[in-house]
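# Examination of the molecular architecture
Residue strings, one per chain:
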Amino acid sequence: MASLVSCEYRDGIAIVTIDNPPVNAISQAVRAELLAFVHDLNRNTDIRAAVLRCAGRTFVAGADINELGKPPLAPALPEVADAIEGARVPWVAAIHGAALGGGLELSLACTARIADGQARLGLPEVTLGIIPGAGGTVRLPRLVPVPDAVEMVTGGKPVAATAALALGLVDRLCDEDLLSAAIGFADDLAARPGLPPLIGRPCRNATDMDWQGKATAIKAKARGAKAPMEALEALRDSAHLPAHEALKRERERFLRLAASDEAAALRYAFFSERSAGRSLASIASEPADLARVGVVGGGTMGAGIATALLLCGCEVQLLERDAAAAEAAHRRVGEMLDASVGRGSVSREAADQVRNRLAASSDDMPLVSCGLVIEAVFEDIDVKRDVFSRLDAIMPPDAVLATNTSYLDVNRLAEMTVDPTRVLGLHFFAPAHVMKLLEIVRGRHTGDRALATGAALAKRLKKTAVVSGVCHGFIGNRIMAAYRRDCEFMLLEGALPAQIDAAMRDFGFAMGVFEVQDLSGLDIAWAQRKSTASTRDPSLPYCHIADRLCEAGRLGRKTKKGWYDYGDGGQKVDPEVTRIIEEERARAGVNALSMSSVQIMQRILSVMQREGHALLVEGIAESASDIDLVMLTGYGFPRHRGGPMYLAAHESQRTPGSVPAAAIGAASPFKDWLIKP
Ligand code: T1G
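Under the defined criterion, the tally for this structure stands at eight aromatic pairs. Geometrically, the ring pair formed by Phe270 and Phe271 is edge-to-face, given 5.1 Å between the ring centres and 85° between the ring planes. Judged by its relative accessible area of 34%, Phe271 falls in the partly exposed class. Between Phe507 and Phe637 the ring centres are 5.6 Å apart and the planes differ by 80°, which places this aromatic pair in the edge-to-face class. With Phe507 in helix 20 (residues 497–507) and Phe637 in the loop between helix 26 (624–634) and helix 27 (644–649), this pair connects stretches of sequence that are 130 residues apart. Cation over ring: Arg274 sits above Phe270, and NZ or CZ is 3.8 Å from the ring centre.

Running from N to C, helix 4 (residues 136–143) and helix 9 (residues 227–240) point in directions that differ by 60°, and their axes come no closer than 9 Å. One element, helix 4, and the other, helix 9, form an angle in the oblique class. For the element pair helix 4 and helix 9, the recorded crossing hand is right-handed. On the side of helix 4, the interface is formed by Thr137, Val138, Pro141 and Arg142, while helix 9 contributes Ala234, Leu235 and Ser238. Of the residues contributing to the contact of helix 4 with helix 9, the split by class is four nonpolar, two polar and one charged.

Spacing of three or four residues puts side chains on the same side of an α-helix, whose turn is 3.6 residues. The end-to-end C-alpha distance of helix 18 (residues 448–461), which contains 14 residues, comes to 20 Å, matching closely the 20 Å that a straight helix rising 1.5 Å per residue would cover. Residues of helix 18 that are buried include every one of Ala450, Leu451, Ala452, Thr453, Gly454, Leu457, Ala458 and Leu461, and no others. Among the residues trailing helix 18, Lys462 stands out with phi positive, at a value near 55°.

What counts, and at which threshold
- Residues numbered from 1 in each chain as written.
- Predicted model: local features only at pLDDT ≥ 70, side-chain atom pairs only at ≥ 80, totals over all residues.
- Heavy atoms only, no water.
- Phe/Tyr/Trp six-rings, centres within 6.5 Å; stacked < 30°, edge-to-face > 60°.
- Buried < 20%, exposed > 50% of the residue type's maximum accessible area, 1.4 Å probe, protein only.
- Helix = DSSP H or I, 4+ residues; strand = E, 2+ residues; numbered from the N terminus.
- Lys NZ or Arg CZ within 6 Å of the ring centre and 35° of its normal.
- Axes fitted to C-alpha atoms, helices over the stretch in contact; angles between N-to-C directions.
- Parallel < 35°, antiparallel > 145°, perpendicular 65-115°, else oblique.
- Left-handed = near helix turned anticlockwise from the far one by under 90°.
- Contact = heavy atoms within 4.5 Å.
- Nonpolar A, V, L, I, M, F, W, Y, C, P; charged D, E, K, R; others polar.
- Expected span 1.5 Å × (residues − 1).

Here you go:
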């Protein structure tokens, strides 16, 4: 087998290169070869210093995630790091691309670090349900101030090269020949030996750390995930115990967490993300030109899509029905850009620059020069069919036409075009410039060029693309509609909104299903129910509670009343809602039973799983992991639980007191709807 680590020598400096594409993950073989070179160089008295660098697009992006959760293979990374730190000669890490996890830990074991201006450095282990396992929690706070180390380890976000320099995480930046600069640096260090290794130094600014305050903040944000708090504990050990003892505890913690359900679920989420949209990668067609993209409709969704497009460098032509609406849409996009500046996600200069690339008008002819047009008008099939008919008439035949519908039949829109192969669905999630998910909806006739355009757009927008076939609500909204409906049946059976919401929050959702409805408004779903009322099967059970709330003007937060009362700003249980629920229970002839949080969550999961299974059987979703990804990235499903389909496949990890999915809901008097919604 070809070697993964090599060494060359230049005037007494050893250049050790790791070459393990694509991201130089530090697998067992890399560890073994690297350790052998450390020992060799210790024996070679012609060598004054060593440079550790990587071939390819990045420095070491971490331990090989495929090895995590399996029995550790020798040599372990801490052994390699200790050997580098204790080496006879100084080692310099030359960092380009990303130095993450075990990669950063290796560089911390070196005597010094030099990085190029594009490098990113971080310890993202908590995003994988673990903590750094090779000295990161011990060496980092000895190099950068403890509060910054705590932020990096518990938050998992990498820092940019300039920030790393300011923190002291890297010693030098270099924008030209990184290797030559690293060799020069190594030479300098060889000339002034005696720098104490990090492990022998005290923690920096440890007294500035508010441990209790941070613990409270982590608890509030973690939604039940364990790793961030464990990371904080490891850093606390590091600040309070002798370094060797803290190292020992870090390793124990790491090994325990690596074997946890949480870490397994997060590894699954990591690889699901990488495999999403795989079917799109094999499409050979050239995508349409995305330099200029049209957006039809400048409401919340259209303006969000326009903002996302602007921020990724596209020129945007927005179409509205009249001049006043066009002006309002332009203003709305401006406000979204300002809010992004306020949140710190975009600089003021960048926002001002992209603003100039937006034009809004009530004249549709400027759309003609766009390679792609995305329609985001009112969610009504006739309105949208008119838009498609017009677009088909004016757009050149090679332009791709997309709809942002969240429920409607993409095939019925494509019917309005002469060439339906150029039509696809691009289902964004609100706010479109923030949310990571994009459902790419493949219609009956959608062609490769349209799909390739969707894939290219997702890549450009840095969104996670999941392919869905056509059905009511596609993958995400169809699952959400199903469990929302079941939650309403659970109200009839005996639960109350606050109980269901609390069960979901305890499970790890940021909000419960009724809180979410109050936030987004109850009126859109109400309008939909009314529009389909005539085709509803009267033999199936129907829950009237939401309709009654809407009829009473309770449309959610915007009317200060919905499932809850928001009269004085807070969210309060409203006896009026309880009364409506009780009346509906009486009308349905149901004796209310008490339901535990565990039973409620099991019901919700089982409905998600049933619907997910149906999506696979019908060929709407391409894989179970795509379904999970949709729920994780678009619907607030807690990432550390993997997703509903993941949980179905790992029954033991269901909520405590697990019962088989098939049995759940079987006792419900409304179970018929599960069979035929
Ligand atoms: N191990 C194994 N495979 C990895 C990997 C890793 N660490 N990182 C990436 N890959 C694969 C990925 O699955 C994909 O494969 C390909 O590389 C390209 O990735 C001891 C225990 C580096 C910023 O969490 O954040 O160190 O799909 O599509 O967008 O304390 O990859 O092509 O077959 O993501 O350019 C900590 C994870 C590990 C970093 C590049 N490290 N990686 O992004 O490419 S735990 C991480 C990333 C650890 C120590 C602990 C990103 C990237 P395929 P990609 P990219």
